[in-house]
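The residues making up each chain are set out below.
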Amino acid sequence: MTWRQTTELKSILAKESGYTIKSGQFKFALTYPNFYRVGMSNLGIHIIYQLLNSRAEISCERFFLPDEKIVNEIERTNSSLLSVETQTPLNNFNVVAFSISFEQDYFNVVKILKLGKIPVKASDRTKFDPILIAGGPCATFNPAPLSAIFDAFIIGEGEVVLPPLVDVLTENWNLSRAESLEKISNVEGVYVPSKKNFPVTRQFVKNLDEHPAHSVIITDDTEFNMYLLETARGCGRHCRFCMAGYCFRRPRNRSLKTLQAAIDDAKHFGKKFGLMGAAISDYPQINELCKIILDNGLKMSVASFRADSVTAELVDALAKSGLKTLTIAPEVGSEKMRRVTNKGITEENIFNAVKLGIDAGIKNFKLYFMIGLPFEEMADVDAIADLIIKLKNFVADGKFTLSVNPFIPKPFTPFQWAAMADKKYLQAALKNLRGRLKSFRDVEIISESLKASKVQAILSRGDKNLADIVAQSDSVQKFLELFKTTKLDENFYLGERNSDDVFAWDVINQGVTKKYLWQEYQRAAELKYTPRCFDGCKRCGIC
């Protein structure tokens, strides 16, 4: 054991309430491939932690990526990564499960396994090693780039897949690794690459009220220091770039009664409530929910809202909760690109959202935009600048922070066939935008590195040919170095794909048909809007 790591973990635990320490016969390591502050801000970790520890035979403990000083200590002393709860080594657990939300965290998975003394590649593990399972958005959308590392993937929502999966694991633990994997490959929503049990159908919760989704472990040491509460899942808006909008259809809302009960149970913590959902302002009873929170003398924040459904009541509640910056995601600046992306908002909606903020006393605004989208031209980038100039004239003393990042083609979207814009175009677009807005003191443009975006795009549409490279890469730089040594065609991962291409993620059945997605790609080229989900609709295949 390492002194620095043990001291840090005990310090973390001392500042928490709601954690579980128990001696279940079956040990489950719940792992988030990023730092503690980030992982504890992920609602999925709370949900799965509670679900697993509610079972008498399961002992579930948490692992996170440690800071550099602790990593150095572990490597120097040849010790192991330890759990938060009991400081138990990672390789002492029967199952190690990762929740993976972002492609850039793939490299942290490799780091954690090395620190935990677990062979990174599934083919190198023996009966003495844990079974490795991946869940979360990345596992659900495209498991192929991670298929050399993980024994199995949870396709869909853990509340549905985990109970039968755990039943099979605990009942058959004395079997060989191959036999155990054969057994779990028969569980609905479990994909086992070595068993080729596809297509695997995504599983999802039908009635959210039957499955609580809120903070379980209370700590101030998170990114936002809030009590997280999920209002809804899914989105029926059909934005053509958005993976969540296609893979989590159709929208499902928790009842107001259920949310009020959760607020009543948690109000004694005195924390700000962080309302979670694809688009909080689309929640049918958002005004009533805001009133419940404020009437209890509590504060609130939101993950996101839509400019075309935001209400004065919601913005006022955010302002009364101390919100200083209103976040809006126009994504694009021109009417043409709004039609291409099917974003479904107007310039008037954006100005109305800003006005609601001003009326509530909020003068800082963060706006999200993408560049390099399909069918985009430099004139469409100019339209982003034009929009910001008009907003600055509308709010002379307002501060605008623009987060401008490259479009990344994602699986199971109409734009899964589209190319990522090349580096030269993206650099020119950013330069053009900065040049147009440089005279405005209260306008700031931030953007992630183009190198990181390129790697994200490669991994997003990656196949099994990348799997060995990913398993050897503990950083973006290492991945790029290894990628260059192979004979793989970079344009295959970054370029435009053909209508009849077989994708690596075709082994997953998300419910949305490939034919429908291709039709939506054609509608984008024709600048045609597609209406949102409605009762009785049978267009996409989900219903």
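Here, every reference points to the structure presented above.
Because the structure is a prediction, the values reported are computed rather than measured.

S.K.: I would appreciate a short explanation of the overall build of the chain in the present structure.
M.R.: Assigned secondary structure in the chain consists of 21 helices and 17 strands. Scaling as 2.2 N^0.38, a compact globule of 543 residues should have a C-alpha radius of gyration of about 24 Å, and the chain matches this with 23 Å. Here the C-alpha coordinates of the chain stretch approximately 65 × 60 × 50 Å along the principal axes. Taking all 543 residues of the chain together, the buried fraction comes to 57%. In the chain, of all internal contacts separated by at least 6 residues, the share reaching a separation of at least 24 is 76%.

S.K.: I keep staring at the pairing of strand β8 (residues 226-230) and nothing clicks. Help me out?
M.R.: Consecutive residues of a regular strand have side chains that alternate between opposite faces of the sheet. Burial of β8 is extensive: five of the five residues sit out of reach of the surface. Every second residue of β8 is oriented toward a common face, with M226, L228 and E230 on one face and Y227 and L229 on the other, all of them buried. Pairing geometry for β8 and strand β11 (residues 272-276), over five bridges, is parallel. Residue pairing for β11: L229 is matched across the bridge by L275.

S.K.: Just to check I follow, could you spell out the environment of A428 for this structure?
M.R.: Mapping A428 onto the fold places it in helix α16 (residues 423-437). Residue class for A428 comes out partly exposed when judged on its relative accessible area of 35%. For the pair A428 and M378, spaced 50 residues apart in sequence, the C-alpha separation works out to 8.7 Å.

S.K.: How should I be thinking about the sheet that holds strand β16 (residues 443-446) in this particular structure?
M.R.: Within a beta sheet, neighbouring strands are joined by backbone hydrogen bonds and run either parallel or antiparallel to one another. Strands sit in the order β13-β14-β15-β16 across an open sheet of four strands; the sheet is parallel. With partners counted over all chains shown, the strands left at the sheet margins are β13 (325-331) and β16, one partner each. When strand polarity is set aside, the average angle formed by the axes of neighbouring strands in this sheet is 20°. One ladder, built from four bridges, connects strand β15 (residues 399-406) with β16; its direction is parallel. Within β16, the position partnered with S403 by the bridge is I446. Packed on one face of the sheet, helix α15 (residues 378-394) meets β14 (364-371), β15 and β16 and runs near 170° to β14.

S.K.: Whenever I open this one, the packing of helix α10 (residues 256-266) against helix α11 (residues 286-295) confuses me. Can you help?
M.R.: Geometry of a packed helix pair, given as the angle between the helix axes and the separation of the axes. Between α10 and α11, the least distance of the axes is 11 Å, while the angle of their chain directions is 20°. In terms of their interaxial angle, α10 and α11 are classed as roughly parallel. In this structure, α10 meets α11 at a crossing whose hand is right-handed. Taken together, the residues of α11 that come into contact with α10 (itself represented by L256, L259, Q260 and I263) are E288, L289, I292 and I293. Class assignment of the residues belonging to the contact of α10 with α11 gives a composition of six nonpolar, one polar and one charged.

S.K.: In this structure, what is going on with the packing of aromatic side chains? I would like to understand it.
M.R.: Each aromatic ring pair is characterised by the separation of its centres together with the angle its planes make. Evaluation of the coordinates by the stated rule reveals 23 aromatic pairs. Considering the side-chain rings of F98 and F150, the 5.6 Å spacing of their centres and the 75° angle between planes classify their relative orientation as edge-to-face. In this pair, F98 is assigned in strand β3 (residues 95-99) and F150 in the loop between α6 (137-141) and β5 (152-154), connecting sequence segments 52 residues apart. Residue F98 shares its accessibility class with F150, and that shared class is buried. Each ring, one from F365 and one from F400, has its centre 5.3 Å from the other, and the planes form 20°; the classification is stacked. You can see F365 sitting in strand β14 and its partner F400 sitting in strand β15, a full 35 residues away along the chain. Take F400: its relative accessible area is 0%, and that puts it in the buried class. Joined through ring pairs, the aromatic side chains of F375, F407, F415, W417, F503, W505, W518 and Y521 make up one cluster. Sitting above the plane of the F93 ring, K27 keeps its charged end 4.9 Å from the centroid. When the ring centre of Y49 is taken as origin, the NZ or CZ atom of R62, which lies over that ring, is 5.3 Å away.

S.K.: I keep staring at the sheet that holds strand β2 (residues 58-64) and nothing clicks. Help me out?
M.R.: One open sheet accounts for six strands, arranged β2-β1-β3-β4-β5-β6; its pairing is mixed. Each edge of the sheet is formed by a strand with only one pairing partner; in this case those strands are β2 and β6 (190-191). Summarising the sheet, strand β1 (residues 26-32) and β3 pair through four bridges and their orientation is parallel. Looking at β3, one finds that L30 is bridged to A97.

S.K.: Even after reading the chapter, I still don't get unusual backbone geometry, so can you show me in this structure?
M.R.: It is generally the case that most residues other than glycine have a negative phi and that most peptide bonds are trans. The residue Q87 is not glycine, and still its phi comes out positive at about 55°. Looking at the element boundaries, Q87 is found in the loop between α4 (68-77) and β3. Not every positive phi belongs to a glycine, and H238 is a case in point at roughly 70°.

S.K.: Would you take a moment to explain the pattern of salt bridges for this structure?
M.R.: Oppositely charged side chains are able to pair whenever their charged atoms sit close together. With the rule as written, the count across this model stands at 42 salt bridges. Put simply, R62 and E85 hold a salt bridge, and the shortest N to O gap is 2.7 Å. On the criterion of sequence distance, the pair formed by R62 in strand β2 and E85 in the loop between α4 and β3 is long-range, its members being 23 residues apart. The exposure class assigned to E85 is buried, which follows from its relative accessible area of 3%. The salt bridge involving R233 is made with E159; its shortest N-O contact spans 2.5 Å. One end of the pair, R233, is in strand β9 (residues 232-233); the other, E159, is in helix α7 (residues 158-171), and 74 residues separate them in sequence. Judged by its relative accessible area of 8%, E159 is buried. By sharing partners, the salt bridges in this structure join E157, E159, E230, R233, R252 and R254 into a single network.

S.K.: Sorry if this is basic, but what is going on with the nonpolar core here?
M.R.: In globular proteins that are soluble, nonpolar side chains generally tend to be buried together. One finds I149, F150, L402 and F479 to be the most contacted residues of the largest nonpolar core, which totals 137 residues. Broken down by element, this core gets its largest block of residues, seven residues, from helix α5 (residues 106-115). Setting aside its immediate chain neighbours within four residues, F479 contacts F107, V455, I458, L459, L466, I469, V470 and S473. By size, the runner-up hydrophobic cluster in this structure holds 43 residues, among which are I45, I58, V166 and A213.

S.K.: Would you mind showing me how to read the state of the cysteines here?
M.R.: The bond known as a disulfide is covalent and runs between the sulfur atoms of two cysteines. Summed over all chains, the structure comprises zero disulfides. The thiol sulfur of C533 is not disulfide-bonded, and the nearest other cysteine sulfur, from C540, lies at 6.1 Å.

Criteria and thresholds
Residues numbered from 1 in each chain as written. Predicted model: local features only at pLDDT ≥ 70, side-chain atom pairs only at ≥ 80, totals over all residues. Heavy atoms only, no water. Helix = DSSP H or I, 4+ residues; strand = E, 2+ residues; numbered from the N terminus. Rg over C-alpha atoms; globule rule 2.2 N^0.38 Å. Buried < 20%, exposed > 50% of the residue type's maximum accessible area, 1.4 Å probe, protein only. Contact = heavy atoms within 4.5 Å. Pairing = 2+ DSSP bridges. Axes fitted to C-alpha atoms, helices over the stretch in contact; angles between N-to-C directions. Parallel < 35°, antiparallel > 145°, perpendicular 65-115°, else oblique. Left-handed = near helix turned anticlockwise from the far one by under 90°. Nonpolar A, V, L, I, M, F, W, Y, C, P; charged D, E, K, R; others polar. Phe/Tyr/Trp six-rings, centres within 6.5 Å; stacked < 30°, edge-to-face > 60°. Lys NZ or Arg CZ within 6 Å of the ring centre and 35° of its normal. Salt bridge = Lys/Arg side-chain N within 4 Å of Asp/Glu carboxyl O. Core = buried A, V, L, I, M, F, W, Y, C linked by side-chain atoms within 4.5 Å. Disulfide = S-S within 2.5 Å.

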